[in-house]
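Secondary and tertiary structure notes
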Amino acid sequence: MLRAFPARRPTRPVRRVALFGAALLATAAAIPQAAAATDDNTVTHGGLSAVIRYTEYGIPHIVARDYAHLGFGTGWAQAADQVCVLADGFVTLAGERSRWFGPGAAPDGSLSSAAGNLSSDLYFKGVRESGTVERLLSTPAPAGPGKDVKELMRGWAAGYNAWLAQNEITDPACKGAAWVRPVTATDVAARGFAVSVLGGQGRGVDGITGAQPPGTPAPGAPAPGAGALAAAPQEIDPAAAAEAARELFDTTRYDMGSNAVAFAGSTTASGGGLLLGNPHYPWQGSRRFWQSQQTIPGELNVSGGSLLGTTAVNIGFNEKVAWSHTVATGTPVNLHQLTLDPSDPTAYLVDGKPEKMTRRTVTVPVATGDPVTRTQWWTRYGPVITGLGPSLPLPWTTGTAYALNDPNAANLRGSDTALAMGRARSVAGIQEALRRTQGLPWVNTVAADSAGGTLFTQSQVLPRITDELAARCSTPLGRATYPASGLAVLDGSRGDCAPGSDPDAVQPGVFGPGKAPTLRDAPYAENSNDSAWLANADRPLTGYERVWGNVSTPRSMRTRGAVEDVAAMAAKGRLTVTDLQEQQFANRVPAGGLAAADAARACAALPGGTATASDGTAVDVSAACGVLAGWDRTADSSSRGALLFDRFWRRLTATTPAKDLWLVPFSAADPVRTPRTLNQAAPGIGRSLADAVAELRAAGIALDAPLGEHQFVVRGGQKLPVGGGTEALGVWNKIEAPWNAAAGGYPEVVHGSSHIQAVGWDGGHCPVARTLLTYGQSANPHSPSSADQTRLFSQERWVTSRFCERDILTSPQLKVVWPRERR
């Protein structure tokens, strides 16, 4: 007898393929024939493929049936826009910059802090030859990457390679270059590794590759004479080291930063949340963002920005939630001070027993000359390092060496976190994604959702350095550096001084997410690269260990201005996406509001309107007084006086300590409004005014010249004025540009506002989103997407996001390509 069974729901892969097919049919039916024309608009059977719908400004909307195919479409589309930048980065990761560009040439500064190609190659070749990335790939999830991310990586490499095989490179940066080559999924993973260790091993590359035992001659130097190993140990000045560490880990000094704010439904017109993300990242190189929408029907639908070479959307939004990241104050590394075996400087003692260091010998090919071979030294804690940055030397003597512990060197989960966030449906889902994957190495997360929820969390991978551990195990050096910067220097001779583990951590030696400073559902949650303390000024976060950041200390000018702005917005209420757009381009200069009027009065009080410049010359500054007084206190491109104040303020704050600059000192009870009231008698005011005035006059620049005439970029031969301002001014719309008087002032932006997004919900099916990629999708000057959004940025205009299908399919510039592998 036959039994009747209920119909079974299709399995997830079957449903996904069915939905993908339906999406393709809908696309094909809705796309005009001219827009859909390609050389072959059929989906391949056997190889990887995807459907890419391009809308205005070259933004791709990638549709695929699964993660491998999605990775394929993403790799193809990134190569189409950024092949030369990507290829250059892969040369870095292969440790072959010296081979192709010479050992002394400038390195790819976006993937490490190496001072030259040779040290960069020695480090990355060492990573490659040690099998580090392969071991991390083979680590089971959740400590290692999950299956979906591995499929994305595999597909990304295939898509990049397929684009190379099927297209001619037109970008002059690498057209015809032999160093542009196919890549593997491991190469893609290696890029993720490099991003993960940017704040740790990546900033110590020179110190890692240059570390040699005492008595070892420098390359080309004569061998040491007898008794060289017994040389007197070099001393480290703890106070100087503390200041160097403070500067090294000062997030306001990075070429990466950011602002982000989430507003709760109680403050908005619709009752849904709002998010404004404003990352400050380099405008050139491998740390550029690239914009896309990634869709697997029924599985994933997310739009936003990805760091080049990564496989998932790093900051973005979906139907229900939006998020952004800001560089966090957590110190992602610590040092272990090693006590060396008196008879062997390559052995160290742990609990009285010697352990030999591990030698890692690396050979790097060089463009002209013989290959270069160097040895790196590794310990149970990490690599021996002889310096963190140029200002923090860590000498290897006969008695002491230092090892760098970077827990993110065991973290290849960044794309898992990004993917999980893209699939989240609420701020609670974002928090769960962070808890489950624990892949963020050096950033905070700020999020808002359609139900009106908000989130700030500093869920990053940090060594588990508690204040108790630091008090118990710090060396004299660590007792200076830890309070100043969060950089612990622990006694490496004691096994009980290694970082412990939390039960909710997915890897040993790090804090679990339960210890991360977190704020849920506050009226606003904001971060501008200061610590978590003032994510909301009315609900300060405290009680976290020093390694996460500080509390009750002065905030940066940008944090102070941002908190003032967003608190006022929240108090006003009835906020919309339009309010976020206005905040992005308000270009208010908080430093100007605090000091410009007093500076003008101090100027007017100078005898004879004359001040003495740094070189001792007398300068007539009388014309500057009225310019400062009449300045509108903004950094709009049309602002007259902004440039004068900028040049004056940079000098004044660089040479005058805060205690001498302000009459009202900092108060932890009033951290947003203090310090304040410029000390008009400060001796640096006259000198800084004289220097600024003399500088502008020598360059032929009027003191009241509009900012945009002298802060600009040139694209396609067109001069585009740029608003915004430097870190010291505190402008939300941060712009960093090197001064070049001969070229007209600030003629190129090096980093600042990058992938900006303003996202909210109004009760409809689609999120309300405005975006802007300030430098455009493509680095190829021949591409129409190389400067189109830069022109929008110059004009303070936005891109209206096309997220829902009806919006994509009705784009007047819709273009569809169906790339596939050719086998």
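Values in this document were obtained by computation on a predicted structure and should not be read as measured data.

The subject of this paragraph is the overall build of the protein chain. Along its length, the protein chain carries 23 helices and 33 strands. Here the protein chain has a C-alpha radius of gyration of 27 Å; the compact-globule value for 823 residues is 28 Å, and the two agree. Considering only C-alpha atoms, the protein chain reaches an extent of 100 × 70 × 55 Å along its principal axes. Looking at the protein chain residue by residue over its 823 residues, the buried ones come to 62%. Look at the contacts in the protein chain between residues 6 or more apart in sequence, and 69% of them connect residues 24 or more apart. As presented, the protein chain carries roughly 30,200 Å² of accessible surface, and 54% of it is formed by carbon and sulfur atoms.

Let us look at the pattern of salt bridges. Tallying each qualifying case throughout the model produces 37 salt bridges. With a closest N to O distance of 2.7 Å, Lys 356 and Asp 344 form a salt bridge. Here Lys 356, found in strand β12 (residues 353-356), pairs with Asp 344, found in strand β11 (residues 344-350); they are 12 residues apart in sequence, far enough to count as distant. For Lys 356, a relative accessible area of 55% puts it in the exposed group. Overall, the relative accessible area of 18% leaves Asp 344 in the buried class. For Glu 695, the salt bridge is made with Arg 651, and the minimal N-O distance between the two is 3.1 Å. Highlighted residues: Glu 695 in helix α21 (residues 683-698) and Arg 651 in helix α19 (residues 642-655), separated in sequence by 44 residues. Within this structure, Glu 468, Arg 472, Arg 494 and Asp 496 form a network of salt bridges that share partners.

Glancing now at the confidence of the model for the protein chain. Residues with a pLDDT of 70 or more make up 92% of the protein chain, whose mean pLDDT is 93. Within the model, pLDDT remains below 50 along residues 1-11, and this stretch shows two contacts once partners closer than five positions in the same chain are excluded. Overall, residues 30-44 carries pLDDT values under 50, and its contacts beyond four positions in sequence, including any with other chains, amount to 27 contacts.

At their nearest, the axes of helix α7 (residues 147-166) and helix α8 (residues 185-196) sit 8 Å apart, and the two run at 115° to each other. Taken together, the axis directions place α7 and α8 in an arrangement best described as roughly perpendicular. Crossing hand, α7 versus α8: right-handed. Between α7 and α8, the contacting residues are Met 153, Arg 154, Trp 156 and Ala 157 on the first element and Ala 185, Val 188 and Ala 189 on the second. When its residues are assigned to classes, the contact of α7 with α8 shows six nonpolar, no polar and one charged.

Glancing now at the state of the cysteines. In total, this model carries four disulfides according to the counting rule given. Residue pairing for Cys 473: its cysteine sulfur links by disulfide to Cys 497, the two sulfurs lying 2.1 Å apart. Here Cys 473 and Cys 497 share a disulfide; its torsion about the S-S bond, -80°, makes the bridge left-handed. Placement of Cys 473 in helix α13 (residues 467-473) and of Cys 497 in the loop between β19 (489-491) and β20 (518-520) is noted, with a sequence separation of 24 residues between them.

Membership of the largest hydrophobic core comes to 169 residues, with the highest contact counts inside it found for Val 83, Tyr 160, Phe 193, Phe 263 and Ile 430. Top element by residues in this core is helix α3 (residues 67-94). It accounts for 15 residues. Setting aside its immediate chain neighbours within four residues, Phe 263 contacts Thr 268, Gly 273, Leu 274, Ala 448, Thr 454, Pro 523, Tyr 524, Val 566, Met 569, Ala 570, Leu 575 and Leu 580. In terms of nonpolar packing, the next biggest core, distinct from the first, is built from 45 residues, Ala 599, Cys 625, Phe 645 and Ala 692 among them.

Another point: the sheet that holds strand β30 (residues 755-760). Within the open sheet, the six strands sit side by side as β21-β3-β4-β30-β31-β32. Their pairing is antiparallel. Each having just a single partner strand, β21 (524-527) and β32 (799-800) make up the two edges of the open sheet. As paired strands, strand β3 (residues 259-263) and strand β4 (residues 274-278) are joined by five bridges and run antiparallel to one another. Note that in β4 the partner of Asn 259 across the bridge is Asn 278. Contacting β30, β31 (768-773) and β32, helix α22 (residues 788-795) runs over the sheet at an angle of about 105° to β31.

About the cut-offs
- Residues numbered from 1 in each chain as written.
- Predicted model: local features only at pLDDT ≥ 70, side-chain atom pairs only at ≥ 80, totals over all residues.
- Heavy atoms only, no water.
- Helix = DSSP H or I, 4+ residues; strand = E, 2+ residues; numbered from the N terminus.
- Rg over C-alpha atoms; globule rule 2.2 N^0.38 Å.
- Buried < 20%, exposed > 50% of the residue type's maximum accessible area, 1.4 Å probe, protein only.
- Contact = heavy atoms within 4.5 Å.
- Areas by Shrake-Rupley, 256 points an atom, 1.4 Å probe, with all protein chains shown as cover.
- Salt bridge = Lys/Arg side-chain N within 4 Å of Asp/Glu carboxyl O.
- pLDDT = per-residue confidence, 0-100.
- Axes fitted to C-alpha atoms, helices over the stretch in contact; angles between N-to-C directions.
- Parallel < 35°, antiparallel > 145°, perpendicular 65-115°, else oblique.
- Left-handed = near helix turned anticlockwise from the far one by under 90°.
- Nonpolar A, V, L, I, M, F, W, Y, C, P; charged D, E, K, R; others polar.
- Disulfide = S-S within 2.5 Å.
- Core = buried A, V, L, I, M, F, W, Y, C linked by side-chain atoms within 4.5 Å.
- Pairing = 2+ DSSP bridges.

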